[in-house]
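Each chain, letter by letter, is given below.
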Amino acid sequence: MSNFHQAIYKDTGVAEYKDNILIEGLPLIYNYKQAFNILSQFPEIQPHEIELSKEIRIHSISKIKYELYQPLKYIMQLEKKFSMILRQGYVGRNPNKGFLNTHLQNGGYRIEQANLDASVFDDITTTASGISVFGFSGCGKSRAIERIIAMYPRVIEHSKPNIIQIPIIKIDCPTNGDLKELCIKFFSQIDQLLNTQYLSIYASHKTSVDTMIAQMAQLANFHAIGVIVIDEIQNLNESRSGGTKKMQSFFVSLVNTIGIPVIQVGTYEAITLFEHTFSSARRITGFGSMFWDRLADDDQWGVFINSLWRFQWLKKTVSLDSILNKTMYNLSQGIIDIAINIFILSQIRAIETGIETLSPGLLESTYNEELKPIHQMLHAIRNGDADDIANYSDLITYEIESLKTVLSSKPTTSNEEKSYMRPDSLESSIIQILESMDIDTKNSIQSIKEVITNFPNYIVSKLILKIMTKIQLSEKKPKKKDSKLISQKDWIKLPSDDLRYLYSKNKGKSIYEVLKAVSYTHLRAHETGRNL
């Protein structure tokens, strides 16, 4: 079967991993450069393809969506954590030390009792941990997870002892948010990998959720599953899954009791769903939580957009300049998926209209005419309107979701109550709430004052949402470099295209005369180039 790989054991160099076939049968631990190269993926574009027909080129352009993958800093950080979580989880299930067999015996007893907390042996040490990845919809969470999973074999076959190992299993949380459906997806995923019949055996309509969870846990150890990734975790529904307590018990037990690392992936909306899990079970986020926002207009956006811009199937390719860069960022607001869509659709439009080149105007018209369904959402982001952003759960940032949680636990201040508060008292109250969320307010006092002044009819919760968004937007603006004053006598040392240098070379002439001469020279050069 194509999914199966015969185990080849390699010494990792880590003492605690030695003689653990579940770890030494995995690929060697990658260094940064190796991981970067494996994760990277770029579509092929041959020079002769530019001369192909419109129809063929349009199809070629479409592959950018699926064949382009540019690792960024936060993706490399996730790969490193993923590698550690996977291997550390196997330390406590080393078959050579009998740990895995002990887990299996406990698992059999749990199935009998339909209780994850039941056990025969209590002296088991689990080395499992977990991580949570939350972020904007369209920022690349799921794609990053898929690329990292692809770095490992799907199934590893060991002969001594006879173990069929599944290093990683990924489950998309069902859209109806039912915990039972999540278990069904787990059985189905194993069946697809191993060609087994677990779904028909363990997931009948009469089977209780508790029994299915115990069977799921036992299979996870029987097939030595290294990590369970649960994507779209925000879909989990408290009422259908049995409430917060049952969900908390389920995920914590997988890590703490069963010894299986869990990686949860979802939008920021999921934070409130699992806030009790985070506070009471350190293991489930033992390797921390990662919060992926849209890209800021910084070096990471530069890496992404320069990588994307290389793939043009147009007869008149154009280099990425500052105007095109700014236009792409403004239209996409740093959301990777949207930026890629604009780039692809603009090229298709350039081919269909015969323009055969990209321009700021073409990018804008493509966005305006072909991406209308997302205009309101992106308008909310551009304007930094927290009220509008809150209408779109996929766009809610970590800070705003956390703020909602904080405010829900505090008494609401009405307009009537607020009217009796002095301005300085209101400001102090808002600062206190922000600081309770570990937000540095030292550099935001002016923003706080402006919002309080500009929105006198807002209740405190709405004021804070406005302030939060204003702070976030100001943090995303690229910082201006400090420019030092240069003495006039040193202007002669400046670059030759600097106006101060030109003025110093033309002593006796006014600045107006120098500018006039420079403008004429540039105009002649442009006309000469155009007439060639």
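Criteria and thresholds
- Residues numbered from 1 in each chain as written.
- Predicted model: local features only at pLDDT ≥ 70, side-chain atom pairs only at ≥ 80, totals over all residues.
- Heavy atoms only, no water.
- Helix = DSSP H or I, 4+ residues; strand = E, 2+ residues; numbered from the N terminus.
- Buried < 20%, exposed > 50% of the residue type's maximum accessible area, 1.4 Å probe, protein only.
- Pairing = 2+ DSSP bridges.
- Axes fitted to C-alpha atoms, helices over the stretch in contact; angles between N-to-C directions.
- Parallel < 35°, antiparallel > 145°, perpendicular 65-115°, else oblique.
- Left-handed = near helix turned anticlockwise from the far one by under 90°.
- Contact = heavy atoms within 4.5 Å.
- Nonpolar A, V, L, I, M, F, W, Y, C, P; charged D, E, K, R; others polar.

*Asks:* Sorry, what's going on with unusual backbone geometry here?
*Replies:* Negative phi values dominate among residues other than glycine, just as trans dominates among peptide bonds. The residue after lysine 160, namely proline 161, is reached through a cis peptide bond having omega -10 degrees. By the element assignment, proline 161 lies in the loop between β3 (155-158) and β4 (163-165). Phi at glutamate 232 takes a positive value of approximately 55 degrees, unusual for a residue other than glycine. Of note, glutamate 232 is situated in the loop between β6 (227-231) and α11 (238-241). Residue classification places glutamate 232 among the partly exposed positions, given a relative accessible area of 30%. Even without being a glycine, glutamate 356 presents a positive backbone phi close to 60 degrees. Of note, glutamate 356 is situated in the loop between α17 (336-353) and α18 (360-370). Residue glutamate 356 is classed as buried on the basis of its relative accessible area of 6%.

*Asks:* So what exactly am I meant to see when it comes to the sheet that holds strand β1 (residues 4-6) here?
*Replies:* The strands making up a sheet associate through hydrogen bonds between their backbones, and the pairing can be parallel or antiparallel. Taken in spatial order, the 3 strands line up as β1-β3-β4 in an open sheet, and their pairing is mixed. The open sheet has two edge strands with one neighbour each: β1 and β4. Adjacent strand axes in the sheet meet at a mean angle of 30 degrees when their direction is disregarded. Pairing geometry for β1 and β3, over 3 bridges, is parallel. Looking at the pairing, phenylalanine 4 lines up with valine 155 of β3.

*Asks:* Would you take a moment to explain the packing of helix α5 (residues 73-91) against helix α7 (residues 141-149) for this structure?
*Replies:* The geometry of a pair of packed helices is captured by two quantities: the angle between their axes and the separation between those axes. One can describe the packing of α5 onto α7 by two numbers: an axis separation of 10 Å at closest approach and a directional angle of 50 degrees. Between α5 and α7, the crossing angle belongs to the class labelled oblique. Our pair here, α5 against α7, has a crossing hand that is right-handed. Listed contacts from α7 to Ile75, Leu78, Glu79 and Phe82 of α5 are Ala144, Ile145, Ile148 and Ile149. The class makeup of the residues in the contact of α5 with α7 is 7 nonpolar, no polar and 1 charged.

*Asks:* Which parts of the structure should I look at to understand the pairing of β6?
*Replies:* Put simply, side chains in a regular strand alternate between the two faces of the sheet. The buried fraction of β6 amounts to 5 of the 5 residues, a majority that puts the element mostly inside the structure. Residue alternation in β6 divides its side chains into two sets, Val227, Val229 and Asp231 and Ile228 and Ile230, and both sets are buried. One ladder, built from 5 bridges, connects strand β5 (residues 168-172) with β6; its direction is parallel. Counterpart to lysine 170 in the pairing with β6 is valine 229.

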